Amino acid sequence: MKTIDLRSDTVTEPTPAMREAMARAEVGDDVYGEDPSVNHLQAMAAEMMGKEAALFVPSGTMGNLASILAHCQRGDEVIVGDKAHTFLYEAGGISALGGIHSCQLPNQPDGTIAIEHLHAAIRPKDIHQPPTRLIALENTHNRCGGVVLSPEYCWQVAEFAKEQGILTHLDGARIFNAAVSLGISAKELAEPFDSVTFCLSKALCAPVGSLICGSQPFIERVRRVRKQLGGGMRQAGVLAAAGIVALETMVDRLAEDHARAKRLAEKLNSAPHLILEPGSPATNMIFAQLDSGCPVTTKKVCEALKERGVQVGAIEPHRFRIVVHYWIDDNAVDVAANAFWEVLKELSH
Ligand SMILES: *Cc1c(COP(=O)(O)O)cnc(C)c1O
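The residue numbering used here restarts from 1 in each chain and proceeds along that chain's sequence as written. Per-residue local features are limited, in this predicted model, to residues with pLDDT of at least 70; the limit for side-chain atom pairs, both in listing and counting, is 80 or more; totals at the level of whole chains, interfaces and linings are taken over all residues. Hydrogens and water are ignored here; the side-chain numbers use all heavy atoms of the structure.

Draft legend 1. Spatial organisation of the side chain of Ser280. Counting from the N terminus, the helices are DSSP H or I runs at least four residues long and the strands are E runs at least two residues long. Residue placement: Ser280 occurs in the loop between strand E9 (274-276) and strand E10 (285-290). Side-chain atoms alone can form a polar contact between residues adjacent in sequence; in general such a contact is a pair of N or O atoms within 3.5 Å, and within protein one must be able to donate a hydrogen while the other accepts it. A distance of 2.9 Å separates the side chain of Ser280 from the backbone nitrogen of Phe287, its partner in a polar contact. Whether two residues are in contact is decided by their heavy atoms: any pair within 4.5 Å suffices. Discounting residues that sit within four places of it in the chain, Ser280 has contacts with Ala265, Met285, Ile286 and Phe287.

In structure tokens, the structure reads:
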């Protein structure tokens, strides 16, 4: 039996239209720059983000890593949020592989970094200190609850960075969820930043791949870094073909995921011992916690849910992440909500 898998939007499998496009894809050697499908995807991505150029990479992690390596020299410092994916979940790549120092500032519950914290963190010109080169933000912000950063806030950070002579990068793994939720284009959200990465392999359902977008000279440097990291792919057009379908057909429909996440959250709202986090869901993710009176941890609850064919993420002993995506329909929402209620009732006495 296939489970109702709400652990992440990374579990989304390609749609039949994507598989067809993959089978028919025109391909070439992309390290030579000769894969027409990859070139088409990159042109689309650059256009959608309002940047000069784009580069296809195997993963969002490589996208962030290659971007930061292309912006910074060894010994430079990048400012990241202390709940940023780049800081928490990318295996320390920027320091291990790039010799890049990170300055971690507190992410506020809304996913932002306070401007006064940024001010205080900028290094003076002093040979004792690593120079601050880059500020990296994340939108939507995963660990803060799939929350959306506003374009106003992003501009505030970008203008501050510009005054300081510092570059900006956006980890926009889920930038389309943010854009759809705000009812604006991804381009508007990307505009303040020197570079942006986004994932095709999450809510957009493509099997593999992310894009890095920025100026032409930046993308030239990133292309070299991607090669150094072993991310130069050959007939990658079979993957890019799915990405093209994703960008053409899967962006606007994200509103459906957001609506279903709301419906699921409403159904879970008064389940025994379960407390939704304030404002959740902001987009396609529900974050909920077990109250202190609950006799079991999220791990136990997840095991019992799995027996009923439902999977959710136990990201902390008392905290769940529940992600709605393309393959979760209205019926799956009902089944998942009922399973949650049953399991919590059963385990709490
Ligand atoms: C998923 C994700 C990434 C990178 O994803 P990969 O799994 O390496 O493709 C980067 N940033 C955020 C916020 C993410 O959610």
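Draft legend 2. Focus on the domain arrangement of the protein. Taken domain by domain, the protein comprises domain 1 (12-249) and domain 2 (253-347). Contacts between the two partners involve 21 residues from domain 1, matched on the other side by 17 residues from domain 2. Buried area is calculated as the accessible area (1.4 Å probe) missing from two parts once they are joined, with the contributions of both summed. For the pair domain 1 and domain 2, the two sides together bury roughly 1400 Å², of which 59% comes from carbon and sulfur. Here, a salt bridge means any Lys or Arg side-chain nitrogen found within 4 Å of an Asp or Glu carboxyl oxygen. The interface formed by domain 1 and domain 2 includes one salt bridge. The partner of Glu316 in a salt bridge is Arg143, with the nearest N and O atoms 2.6 Å apart. If you look at where domain 1 meets domain 2, you find six residue pairs in polar contact (both at pLDDT 80 or more). Element by element, the count of residues in the side of domain 1 that touches domain 2 is highest for helix H8 (residues 175-182), at four residues. Just so you know the grouping, Ala, Val, Leu, Ile, Met, Phe, Trp, Tyr, Cys and Pro go in nonpolar, Asp, Glu, Lys and Arg go in charged, and all remaining residues, Gly too, go in polar. Across the side of domain 1 that touches domain 2, the residue classes break down as nine nonpolar, nine polar and three charged. Each domain span listed reflects an automatic or database assignment of domains.

Draft legend 3. Summary view of the site of the ligand. Residue proximity to a molecule or strand is established when one non-hydrogen atom of the residue lies within 4 Å of it. Surrounding the ligand, one finds Ser59, Gly60, Thr61, Asn64, His85, Glu90, Glu138, Asn142, Asp171, Ala173, Arg174 and Lys202. At a separation of 2.8 Å, an oxygen atom of the ligand approaches a polar side-chain atom of Arg174. At a separation of 2.7 Å, an oxygen atom of the ligand approaches a polar side-chain atom of Lys202. Compared with its free state, where it exposes 390 Å², the ligand has 85% of that area covered by protein. Looking at the shell around the ligand, the element that brings in the most residues is helix H3 (residues 60-71), giving three residues. Taken together, the residues of the shell around the ligand break down into one nonpolar, six polar and five charged. Here the accessible surface of atoms and residues is derived via Shrake-Rupley with a 1.4 Å probe, and residues count as covered only by protein chains that are part of the display.

Draft legend 4. Local environment of the sheet that holds strand E3 (residues 77-81). Strands pair, by our definition, only if DSSP identifies at least two bridges between them. Read from one edge to the other, the open sheet built from seven strands follows the order E2-E8-E7-E6-E5-E3-E4, with strand pairing classed as mixed. Two strands close off the open sheet at either side, each with one partner strand: strand E2 (53-57) and strand E4 (101-105). The mean angle between the axes of side-by-side strands here comes to 20 degrees, regardless of whether they run parallel or antiparallel. Sheet topology note: the E3/E4 ladder contains five bridges and is parallel. Within the sheet, the bridge partner assigned to Glu77 lies in E4 and is His101. The strands that helix H2 (residues 36-49) touches are E2, strand E7 (195-199) and strand E8 (210-214); relative to E2, the one it contacts most, it runs at about 125 degrees. For helices, the fitted line uses only the C-alpha atoms of the stretch in contact; every axis is such a line through C-alpha atoms, and the angle between N-to-C directions lies from 0 to 180 degrees.

Draft legend 5. Up close: the pairing of strand E5 (residues 132-138). Accessible area is worked out with a 1.4 Å probe on protein chains only. A residue is then buried under 20% of its type maximum, exposed over 50%, and partly exposed in between. Counting buried residues along E5, six of its seven residues qualify, which places the element largely inside the surrounding structure. Bridge analysis of E3 against E5 gives three bridges, and the strand direction is parallel. By the bridge assignment, Ile79 is partnered in E5 with Ile135. Handedness of a crossover is defined as follows: with both strands directed away from the viewer, a clockwise route from the first strand across the helix to the second makes it right-handed. Following the backbone out of E5, through helix H7 (residues 151-164) and into the adjacent parallel strand E6 (residues 167-171), one traces a crossover that is right-handed.

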